[in-house]
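Structure at a glance
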Amino acid sequence: MLLKTGDWVKGTLRDGELIIGYIDSLDVSEVVKVTVVTSDNHEIIGKTVPILSGRVKKLPESKVNNKAQIQFLIDLALSTGDEEWFIDLTFKLNSMNELVNQL
């Protein structure tokens, strides 16, 4: 499995702390830097931590089905500063709104 910048991953740090976040950067020595979105260690949420690539697993891409899910993801994109994802999600939400208005 090839990991790339922006992939959402879950993993375990050396001390056993569980994390979920996205890959901020990769380096040639099998270390990925993950920006932590959630963890059982609340002190590292929002921080970028190095972790061996073998200790993380790529999360499957979710299929968004409704406006509430998209609105939640838009909030997440804003809080993580991911402009490209925000624009993509906003486009999807606007497309859904146009479909509803055409009925």
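Quick caveat: nothing in here was measured; it's all calculated off a predicted structure.

**Describing the side chain of Ser53**
Along the chain, the position of Ser53 falls in the loop between strand E4 (48-52) and strand E5 (56-58). If sequence neighbours within four positions are ignored, Ser53 has contacts with Leu3, Glu30 and Val32.

**A look at unusual backbone geometry**
Within the chain, Glu30 stands out as a residue other than glycine whose phi angle is a positive 70 degrees. In this structure, Glu30 sits in the loop between strand E2 (18-26) and strand E3 (31-39).

**Comments concerning the environment of Lys57**
Here Lys57 shows up in strand E5. Residues Lys57 and Asp7, spaced 50 residues apart in sequence, show a C-alpha to C-alpha distance of 9.7 Å.

**Remarks on the pairing of E3**
As paired strands, E2 and E3 are joined by seven bridges and run antiparallel to one another. Along E3, the bridge assignment pairs Tyr22 with Thr35. Summarising the sheet, E3 and E4 pair through five bridges and their orientation is antiparallel. Pairing of Thr35 across the sheet is with Thr48, part of E4.

About the thresholds
- Residues numbered from 1 in each chain as written.
- Predicted model: local features only at pLDDT ≥ 70, side-chain atom pairs only at ≥ 80, totals over all residues.
- Heavy atoms only, no water.
- Helix = DSSP H or I, 4+ residues; strand = E, 2+ residues; numbered from the N terminus.
- Contact = heavy atoms within 4.5 Å.
- Pairing = 2+ DSSP bridges.

So yeah, pure geometry; function would need other evidence.
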